[in-house]
Amino acid sequence: MHPNPHHLRRRATVILTALLLFALASLIFAGMTGSVHIPLADIPAALGELARGQAQTLAATLLDLRLSRAMTAFVTGAALSLAGVMMQALLRNPLADPYVLGISAGASVGALAALLFACAIWVVDSAAFAGAVTVSMMLYLLARRDLRGGTAAEGGTALLLLTGVILSSACMALVTLMLSIAPESRLRSMVFWMIGDLAGAPVRALPWLVLGGALLFALRSARSMNVMALHAEAAATLGIRVGALRKGLFFVSGLLTASAVTSAGSIGFVGLIVPHACRFAVGPDHRLLIPAATLAGGTYLMLADTLARTIIAPQQLPVGVVTALIGAPVFLYQLHRLRK
């Protein structure tokens, strides 16, 4: 017996509305929380000052800084989580991660090379994005036959995955070399970038444009992703352009990862645990999983960053440390449930 379509739509509306409200509540909480607390009653007045472009009070100034950082955290977490969903659909493995193909390692090589030579911040961002794109293109050229479709369901992505692991290892060797020869004055910033840090990250339009375009592509491909996940070997006979879909998932997830790494450094576990947790909570239907994981990923990183800057205030931790400390036990728990 098939589920009632009206019931499915109503369930999706309830889940996405709840996630959206929770994201807004988390944004307000991030604005209030810090080494100097802003009372909830002062938030409307501070928002009014920001809307008029006149941040004159301490509350408005702090709120401006915190909301900018929280919005950057949200778009970064949402991009990583959406990339995780697409990577898991591409590799047909619910434990795949956006970093598994070495794209973030390529971004690390570019960014750390720029930091090693004390380049301006825009050069660091450009070098990180260029490194990620370079590895993506190398990966595509080396494993393009695997992205054409038509191979067996279990082994069709083996070459792609293995090539990504090899490229990642090569990039991390270059990263280790640069860290070993870096002067003391630059080593701290390089390590913080490697861990993942949102301190001083500006609000930029490009990550939002990348996220919006990728989300539109993913939602348009959701039905095809469902078919490929359930009937990989028969997907082509069911009218799915498997090769084009795999190439699209590969390039768009790579672009999302490059955008996220450029904004906040190398932050792990978000693209692994959030899509997997959402799959447990809302089911495997990509029509609901894609927007749910995007909202949940953004909210998760926003809350993790709030914790990173308040747990030992006035000092701040890199947000990558918090996501790793949370993500490792959660991942082990999810792995245990998956095995059961």
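These lines cover the structure that appears in this document, whether it is placed above or below. Everything numeric here is computed off the predicted structure, so don't read it as measured data.

All right, on to the nonpolar core then. In terms of nonpolar packing, the biggest core is built from 98 residues, with L82, L112, L160, W193, L249 and L256 touching the most fellow members. Non-local contacts of L82, meaning those with residues more than four positions away in its chain, are made with L211, A214, L215, A218, L256, I290 and T294.

As a further point, take helix α9 (residues 222-230). Along α9, the positions that sit buried rather than exposed are A222, M225, N226 and M228. Those residues of α9 that are buried lie in contact with α3 (58-91), α8 (205-220), α10 (242-264) and α12 (286-310).

What follows concerns unusual backbone geometry. Although it is not a glycine, A118 adopts a positive phi angle of roughly 55°. Following the sequence through the fold, A118 ends up in the loop between α4 (103-116) and α5 (121-143). Of note in this structure, F269 is not a glycine but carries a positive phi near 75°. With respect to the element layout, F269 can be found in the loop between α10 and α11 (270-282).

Further remarks concern the packing of α11 against α12. Running from amino to carboxyl end, α11 crosses α12 at an angle of 130°, the nearest separation of the two axes being 9 Å. By the criterion of interaxial angle, the relationship of α11 to α12 is oblique. In terms of crossing hand, the pair formed by α11 and α12 is right-handed. Within the contact between the two elements, α11 uses V270, I273, V274, P275, C278, R279 and V282 and α12 uses L288, L289, A292, A293, A296, G297, Y300 and L301. By residue class, the composition of the contact of α11 with α12 is 13 nonpolar, 1 polar and 1 charged.

Reading the values: rules and limits
- Throughout this document, residue positions are counted from 1 along each chain, in the order its sequence is written.
- Only residues with pLDDT of at least 70 are given local features in this predicted model, and only at 80 or more are side-chain atom pairs given and counted; all residues enter the totals for whole chains, interfaces and linings.
- With hydrogens and water set aside, each side-chain value is computed from the structure's full complement of heavy atoms.
- For the purposes of this section, nonpolar cores are sets of buried Ala, Val, Leu, Ile, Met, Phe, Trp, Tyr and Cys residues that join through side-chain atoms within 4.5 Å.
- For each residue, the accessible area found with a 1.4 Å probe, counting protein chains only, is set against the maximum for its type, and the residue is called buried under 20%, exposed over 50%, and partly exposed in between.
- Any pair of residues with heavy atoms lying within 4.5 Å of one another is described as a contacting pair.
- Put simply, DSSP H or I for four residues or longer makes a helix, DSSP E for two residues or longer makes a strand, and each gets a number counted from the N terminus.
- A fitted line through C-alpha atoms serves as each axis, taken over the contacting stretch for helices, and the angle formed by two N-to-C directions is quoted from 0 to 180°.
- When describing relative orientation, an angle under 35 degrees is termed roughly parallel and one over 145 degrees roughly antiparallel, while 65 to 115 degrees is termed roughly perpendicular and anything else oblique.
- With the far helix as reference, a near helix turned anticlockwise by less than a right angle produces a left-handed crossing, and one turned clockwise produces a right-handed crossing.
- Asp, Glu, Lys and Arg are counted as charged, while Ala, Val, Leu, Ile, Met, Phe, Trp, Tyr, Cys and Pro are counted as nonpolar; the rest, among them Gly, fall into the polar class.

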